[in-house]
Amino acid sequence: MARAAARGTGRLAWPITAIAVVAVAVLVLPLVALVVRAPWADLPTLLASSSVLEALVLSFTTAVLATAICLVLGVPLALLVAHAESWSAIPRRLLRAAVTVPLVLPPVVGGIALLVLLGRRGLIGQWLDELFGITIPFTTGAVVIAQVFVALPFLVFAVEGALRSSDRRTELAAATLGASRWQVFRHVTLPLVAPGVAAGGVLCFTRALGEFGATITFAGSLPGTTRTLPIASYLAMQTDPDEAVALALLLLAVSVLVLLTLRDRWLPGATA
Amino acid sequence: MSVDPRAPDAAGGRPGDDGRAADPAGRSDAGRPGLRVDIALSYGATRIAAAFDVRPGHPLAIIGPNGAGKSSLLAAIAGLVPLDAGEISIGRRRVDALPSERRRVGMVFQDYVLFPHLTVRDNVAFAARMRGSRAAAREAARPWLERYDLVTLADRLPSELSGGQRQRAALARALAAEPDVLLLDEPMSALDVEVRAEMRDELATHVRDFGGATVLVTHSPADAARLADAVLVLEGGRVTQRGTLEAIRAAPATPYVRRLLAASDD
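**Student:** Account for the overall build of chain A, naming residues and giving values.
**Tutor:** Tallying secondary structure elements over chain A gives 14 helices and zero strands in all. Reading the helices (α) and strands (β) of chain A from amino to carboxyl end gives α-α-α-α-α-α-α-α-α-α-α-α-α-α. With the C-alpha coordinates of chain A rotated into their principal frame, the extents come out at 70 × 65 × 30 Å. Counting all 272 residues of chain A, 38% fall into the buried class. In chain A, the share of contacts with a sequence separation of at least 24, taken over all contacts with a separation of at least 6, comes to 73%.

Set out below in structure tokens:
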């Protein structure tokens, strides 16, 4: 508190304030433009068009599905990453790198990589095609896979952060009280990291909802099947800028809603 | 405070209990197993080796400077850290190969480590919850909450308790699991100095009522004097002296013991 007060009363040099104001403008002005130039009068018609609704439903369905998959895969992975703290340096760093890569990788690269793995001539894809007749690329399943690929790290790091800040000795205490490893996870670890899981899930959902690069590369842009909101918005820009702006506004609204949900309740930085 | 929390559980609790006395009041040695420890383990660079027996109803205090390996020794008995070698037996049960959850060793951690997401009631009910439904566990916890004067605090979270209340809750939680052995890691260190003497007396009563083999770790001769019958001094992972506090006071074996006993306590 004392530190915050000191920071509040301290005075910034004017060039710093000036640059910071410019920075805020960089962040906010594009969004302001979006709101100002939005075709408000036509908005209901634009958003009610069948192609928009189609994209909207597809986006929400795939993002929810991707988030669910991320939750199932990501919580155990976060536990493993936390557990890896006791491993030797090389495997520990390799594991951490594997989780971090999708965060720093251009999504298009992720899309190409998925295509090379799961495409009809891909490393695994050719077997799926030959043995089971399963083709993944350019399906709704491919949209979900692409979203999981880019969103999973968000969940893992949110949960891992919660694990780090929780007192792991509670797990030892539970063991002395007769809890099996599974019971320790179910009754102690999971409830303790629940806020991290929730925050990670919401971040995952937002990331999945906004996914563009990996999706268009791996799943393409088939209306009703793989054309999600961001892709529809991008394509609309070529033909009907008003529709593009309307779609962008919709995505912005969802983001703002998520931000409000997360506000100091779940975001790790806000409470720590 | 006259309710014996073990009575209802002995009557309606787990059938076919592993050969312990049906009368659980346990103020005598009969029916409660002793603890036999002869182990070696490593904590960082410190090699710890110790051998001792603890009879039920005759608590042992392990005393020693910081970093002597006291807490690691307790954790090893509880099965929370691996042994390099040795044996741990409770009565006729060899437990050193068993996982922590099957040793029947209760532990009160240094700053109690209550489950922060559970109320006092659910903390105390935790062991029973691992064996049955939530409702049954809460029912089983009731006599323990009464016994440890926690009824009015039952719906609070640990963060809403004072240090002394946390200690009581941690003790109730550990003993509600009906362990054969009770381990107390620096039970007084998280308490304010003003309440220590009072809490020490209270703890002594509870330890006596438990009646089983009890080991406590402390760096305070006052704790050892009030809570334990025998003392074991651990320095740098080695046992340097053992006996009653009086015997040790009469002939301190090392400079540490001499300084410790000369210093005013608490």
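**Student:** Describe the interface of chain B and chain A, and please don't skip the residues or the numbers.
**Tutor:** By a widely used convention, the size of an interface equals the accessible area lost when the partners come together. Taken together, the contact pairs 17 residues of chain B with 15 residues of chain A. Of all the secondary structure elements, the ones that give two or more residues to the side of chain B that touches chain A are strand S6 (105–108) and helix H4 (126–129) of chain B. It is S6(B) that provides the largest number of residues to the side of chain B that touches chain A, a total of three residues.

**Student:** Break down the nonpolar core for me, citing the residues and quoting the values.
**Tutor:** Judged by nonpolar contacts, the single largest core of 124 residues is most densely connected at Ala146(A), Ala151(A), Val159(A), Ile77(B), Val124(B), Ala172(B) and Leu183(B). The leading source of residues in this core is helix H8 (residues 140–165) of chain A, at 18 residues. With residues near it in sequence (within four places) discarded, Val159(A) still touches Gly74(A), Val75(A), Ala78(A), Val193(A), Gly196(A), Val197(A) and Gly200(A). Residues Val52(A), Ala55(A), Val245(A) and Ala246(A) belong to the second largest nonpolar core, which totals 14 residues.

**Student:** Break down helix H10 (residues 181–210) of chain A for me, citing the residues and quoting the values.
**Tutor:** Under the 1.5 Å per step criterion, the end-to-end length of H10(A) is only 37 Å for 30 residues, more than 12% shorter than the ideal 44 Å. Along H10(A), the largest kink reaches about 55° and is centred on Ala194(A); proline Pro195(A) follows within four residues of it.

**Student:** An account of the sheet that holds strand S3 (residues 60–63) of chain B is requested, with residue identities and associated values reported.
**Tutor:** All names here are of chain B. One open sheet holds the six strands; their spatial order is S6-S7-S8-S3-S9-S10, and the pairing between them is mixed. The open sheet is flanked by S6 and strand S10 (238–243), the only strands paired with a single partner. For this sheet, the mean angle separating the axes of adjacent strands, direction not counted, is 20°. Inspection of the sheet shows S3 paired to strand S8 (residues 213–218) by four bridges, in the parallel sense.

**Student:** I'd like a rundown of the pairing of strand S4 (residues 85–90) of chain B, residues and numbers included.
**Tutor:** Residue and element names in this part refer to chain B. Here six bridges tie strand S1 (residues 35–43) to S4, and the two strands are oriented antiparallel to one another. Within S4, the residue paired with Ile39 across the bridge is Gly86. As judged from the two bridges shared by S4 and strand S5 (residues 93–94), these two strands associate in the antiparallel manner. Note that in S5 the partner of Ser89 across the bridge is Arg94. Once S4 ends, the chain turns through two residues before running back antiparallel as S5, passing Gly91 with a positive phi of about 60°.

**Student:** Report on the sheet that holds S5(B), specifying residues and quantitative values.
**Tutor:** Residue and element names in this part refer to chain B. Across the sheet, which stays open at both edges, the four strands sit in the order S2-S1-S4-S5 with antiparallel pairing between neighbours. One side of each edge strand has no neighbouring strand; the edge strands of this open sheet are strand S2 (46–54) and S5. Here helix H2 (residues 70–78) sits on the sheet in contact with S1, S2 and S4, set at roughly 120° to S1.

Basis of the calculations
- Residues numbered from 1 in each chain as written.
- Chains lettered and ligands numbered in written order.
- Predicted model: local features only at pLDDT ≥ 70, side-chain atom pairs only at ≥ 80, totals over all residues.
- Helix = DSSP H or I, 4+ residues; strand = E, 2+ residues; numbered from the N terminus.
- Buried ≥ 20, exposed ≤ 12 C-beta atoms within 10 Å, placed from the backbone.
- Contact = placed C-beta atoms within 7 Å.
- Core = buried A, V, L, I, M, F, W, Y, C linked by C-beta atoms within 7 Å.
- Expected span 1.5 Å × (residues − 1).
- Bend = angle between axes of the 7 residues up to and from the residue.
- Pairing = 2+ DSSP bridges.
- Axes fitted to C-alpha atoms, helices over the stretch in contact; angles between N-to-C directions.

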